[in-house]
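Coordinate inspection notes
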Amino acid sequence: MERLPKIRTPLPGPRAAKLIELDKTYVSPSYTRSYPLVAEKGSGVWVEDVDGNAFLDFTAGIAVCATGHCHPEVVEAIKSQAAKLLHMSGTDFYYTSQIVLAEKLASLAPWNSGKRVYFGNSGAEAVEAAFKLARWYTKRELNLAFFGAFHGRTMGALSLTASKTIQKRHYNPLVPGITHIPYAYCYRCPYNLRYPGCDVACVQWIEDALFRTTMPPEEIAAIFVEPIQGEGGYIVPPPEFHERLYKTAKKYGILYVADEVQSGMGRTGKMFAMEHFGVEPEMMALAKGIASGMPLGALVARSDIMVWEAGSHASTFGGNPVSCQAAMKTIDLLEKGLVKNAQIQGEYLMRGLRELQGEHECMGDVRGKGLMVAVELVKDRETKEPACKWRNEIITAAFKKGLLLLGCGENSIRFCPALMVNSHEIDTCLSIFGEATKEVTG
Ligand SMILES: Cc1ncc(COP(=O)(O)O)c(C=O)c1O
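Reading guide: rules and limits
Residues numbered from 1 in each chain as written. Predicted model: local features only at pLDDT ≥ 70, side-chain atom pairs only at ≥ 80, totals over all residues. Heavy atoms only, no water. Helix = DSSP H or I, 4+ residues; strand = E, 2+ residues; numbered from the N terminus. Rg over C-alpha atoms; globule rule 2.2 N^0.38 Å. Buried < 20%, exposed > 50% of the residue type's maximum accessible area, 1.4 Å probe, protein only. Contact = heavy atoms within 4.5 Å. Areas by Shrake-Rupley, 256 points an atom, 1.4 Å probe, with all protein chains shown as cover. Lys, Arg positive; Asp, Glu negative; His and termini not counted. Charge placed at Lys NZ, Arg CZ, Asp CG, Glu CD. 1 Å grid on protein atoms, 1.4 Å probe; cavity = no way out; pocket = protein on both sides within 12 Å on 5 of 7 lines; lining within 4 Å. Points joined across faces, edges and corners; volume = space filled by probe spheres on them. Nonpolar A, V, L, I, M, F, W, Y, C, P; charged D, E, K, R; others polar. Pairing = 2+ DSSP bridges. Near = heavy atom within 4 Å. Polar contact = N/O pair within 3.5 Å; in protein donor to acceptor, adjacent residues only side chain to side chain. Axes fitted to C-alpha atoms, helices over the stretch in contact; angles between N-to-C directions. Expected span 1.5 Å × (residues − 1). Phe/Tyr/Trp six-rings, centres within 6.5 Å; stacked < 30°, edge-to-face > 60°. Disulfide = S-S within 2.5 Å. Patch = residues over 30% accessible without salt bridge, like charges linked within 9 Å, V, L, I, M, F, W, Y side chains within 5 Å. Salt bridge = Lys/Arg side-chain N within 4 Å of Asp/Glu carboxyl O.

**Some points on the overall build of the protein**
For the protein, the helix and strand inventory stands at eleven helices and 15 strands. Relative to a compact globule of 442 residues, whose C-alpha radius of gyration would be 22 Å, the protein shows 22 Å and is just as compact. By principal-axis analysis of the C-alpha atoms, the protein measures approximately 60 × 60 × 45 Å. Counting every position in the protein, which comprises 442 residues, the buried fraction comes to 55%. Sequence separation of at least 24 residues holds for 73% of the intrachain contacts in the protein that already meet a minimum separation of 6. Accessible area of the protein: about 19,600 Å², with a carbon and sulfur share of 53%. Charge-centre separation for the protein: the mean point of 48 positive side chains lies 2 Å from the mean point of 48 negative side chains.

**Some words on empty space enclosed by the protein**
Tallied over the entire structure, the rule returns two cavities of 30 Å³ or more. What the largest cavity holds in volume is close to 120 Å³. A184, C186, C189, C198 and C202 are, among the 15 residues lining the largest cavity, the residues nearest its centre. Tallied by class, residues from the lining of the largest cavity come to 14 nonpolar, no polar and one charged. Of the volumes computed, that of the second largest cavity is approximately 30 Å³. Along the lines of polarity and charge, the residues of the lining of the second largest cavity split into four nonpolar, three polar and two charged.

**Section: the sheet that holds strand 2 (residues 46-49)**
With mixed pairing, the four strands of this open sheet are ordered in space as 1-2-3-13. A single partner strand is all that each edge strand has here, and the edge strands are strand 1 (39-43) and strand 13 (403-404). The pairing of strand 2 with strand 3 (residues 54-57) spans three bridges and is antiparallel. Paired with W46 across the two strands is L56, which belongs to strand 3.

**Let's talk about the site of the ligand**
Surrounding the ligand, one finds S122, G123, A124, F150, H151, G152, E226, E231, D259, V261, Q262 and K288. Residue F150 places a main-chain N or O atom 3.2 Å away from a nitrogen atom belonging to the ligand. At 2.9 Å, a side-chain N or O of Q262 approaches an oxygen atom of the ligand. When the ligand sits alone it has 390 Å² of accessible area, and the protein chains cover 82% of it.

**With respect to the layout of surface pockets**
Its boundaries defined by the atoms lining it, the second largest pocket holds a volume of some 800 Å³. Residue lining of the second largest pocket: 25 residues in total, with G90, Q98, R116, V117 and Y118 positioned closest to the centre. At the level of secondary structure, the elements contributing two or more residues to the lining of the second largest pocket comprise helix 4 (96-108) and strand 4 (115-120). Per-element tally for the lining of the second largest pocket: the top contributor is strand 4, with five residues. Looking at side-chain class alone, the lining of the second largest pocket contains 13 nonpolar, eight polar and four charged residues.

**Side note on the environment of P14**
Summarising the element assignment, P14 is placed in helix 1 (residues 14-26). Of the residues examined, P14 reaches a relative accessible area of 59% and is grouped as exposed.

**Regarding the sheet that holds strand 4**
The seven strands lie next to each other as 4-10-9-8-7-5-6, forming an open sheet whose pairing is mixed. Either end of the sheet is taken by a strand with one partner, and the two such strands are strand 4 and strand 6 (178-181). Looking at each pair of strands side by side, their axes are set apart by 20° on average, direction ignored. In this structure, strand 5 (residues 142-146) lies alongside strand 6, joined through four bridges in parallel fashion. The residue bridging L144 from the neighbouring strand is T179, located in strand 6.

**Thoughts on helix 7 (residues 201-213)**
Between the first and last C-alpha of helix 7 there are 17 Å, a value that for 13 residues agrees with the 18 Å anticipated at 1.5 Å per step. Close packing links the buried residues of helix 7 with strand 5, strand 6, strand 7 (220-225) and helix 8 (241-251).

**Observations concerning the packing of aromatic side chains**
One pass over the full model with this rule turns up eleven aromatic pairs. With a centroid separation of 6.0 Å and an interplanar angle of 65°, the aromatic rings of F146 and F241 are classed as edge-to-face. Placement of the pair is F146 in strand 5 and F241 in helix 8, with a sequence separation of 95 residues. In this pair, the class of F146 matches that of F241, namely buried. Aromatic pair Y191 and W205: ring centres 6.1 Å apart, planes at 50°, arrangement tilted.

**With respect to the state of the cysteines**
Linking two cysteines covalently via their sulfur atoms produces the bond known as a disulfide. Here the structure, examined in full by the defined rule, presents zero disulfides. Free cysteine C388: the closest other cysteine sulfur is in C408, separated by 12 Å. By relative accessible area, C388 is classed as partly exposed at 27%. With no disulfide of its own, C416 has C408 as its nearest cysteine by sulfur position, at a separation of 8.2 Å.

**A word on a nonpolar patch on the surface**
A surface patch of nonpolar side chains, amounting to about 540 Å² of accessible area, comprises L19, L22, Y26, V27 and Y31. Structurally, Y31 can be placed in the loop between helix 1 and strand 1.

**Examining the pairing of strand 4**
For strand 4, a buried count of five out of six residues is recorded, marking the element as mostly surrounded by other parts of the structure. Pairing between strand 4 and strand 10 (residues 297-302): six bridges, direction antiparallel. Within strand 10, the residue paired with Y118 across the bridge is L299.

Interpretation note: all reported values are geometric properties and have no functional meaning in isolation.
The structure is reproduced here in structure tokens:
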């Protein structure tokens, strides 16, 4: 029989409530928990809390558990590596797993020239490395990034981020020289134009306005761009956006840095989301899904660009042997079917959400690629007034019914389950999401 969510206590249950009280005393209050889930164990797309309630997880721990929670082969790879070598530090020593994983990632990177890989522990560290390498290589001081972008929270990555002011408040001054520009958010075009009639004017504006007035293009090191904006609302740009932007960058010797931290590792139905757009970036930042939940970040760069000298950048823990082995097994599983499954199940999920859109006026936009899918909620389809409160209430209502969802942007809900999700689990998700939406919006 197919598994269904099972809620056996009020939420939070007694054990969860106790732990949350303790958390309030001892854990940093800077975290943003949407609902009182206290996870105990996970398997595939299922998470059990400390009171024995079973939830269907369409968050995958923020798009991280690519192979599902605790995939037995990943767990075995971790155990076996842990028994052999836990740490040696790739900064000062060689070890097999880091070298072999670098070779594997280099072979996967969708461009023809040579590639090299830098390892860190997180998405922010991968972006931070790209930021430093772009400066090191070009000797240029300026950079471009996008409104709505999320690149991480360390000072360099945060400077590139333009997602929510709360992430920046009281942290200024940040790294100087970064200019943010509007992303191709066609549902709410910042220029009030319509695709395709607009002819992707948002890219042309960069040359016509920005490069003529405030930013000398020959002083720009890199453009940092998410192939599909993640935290900003799972925003899929039109097909020619990246190609045009890339051409503009190349005209002025500006590096193209793809932040694939959320969109990479099979999530969109291709190994890297930039493959949907036919562009070969010079650098690609990876993390999240790369090691099924073990901490790992990687910067893959063209080998003629990653030429910084010994000592110029490094990390004690980056490329830890256990994380590298988890990544090798994750990639193996992705290649053996999970990327394909993300494409197939993603289409199924999208079809289901579009059907629901016919029933619920508040579902203004349904968008995504593969299993990187979002619904943008509005008060009114005509005015597109953002339904921020409804968004939060729907997420809470779904939680109470045993479905884990996360928001993105200010009024969207993302659906980013593990890439091994099946159509029955998607049906269950759609049914609970539909009920929760009806309950909240009537
Ligand atoms: C596109 C993107 N880049 C970078 C990051 C930062 O990753 P981390 O939280 O692992 O530092 C995130 C995290 O959500 C992300 O979505």
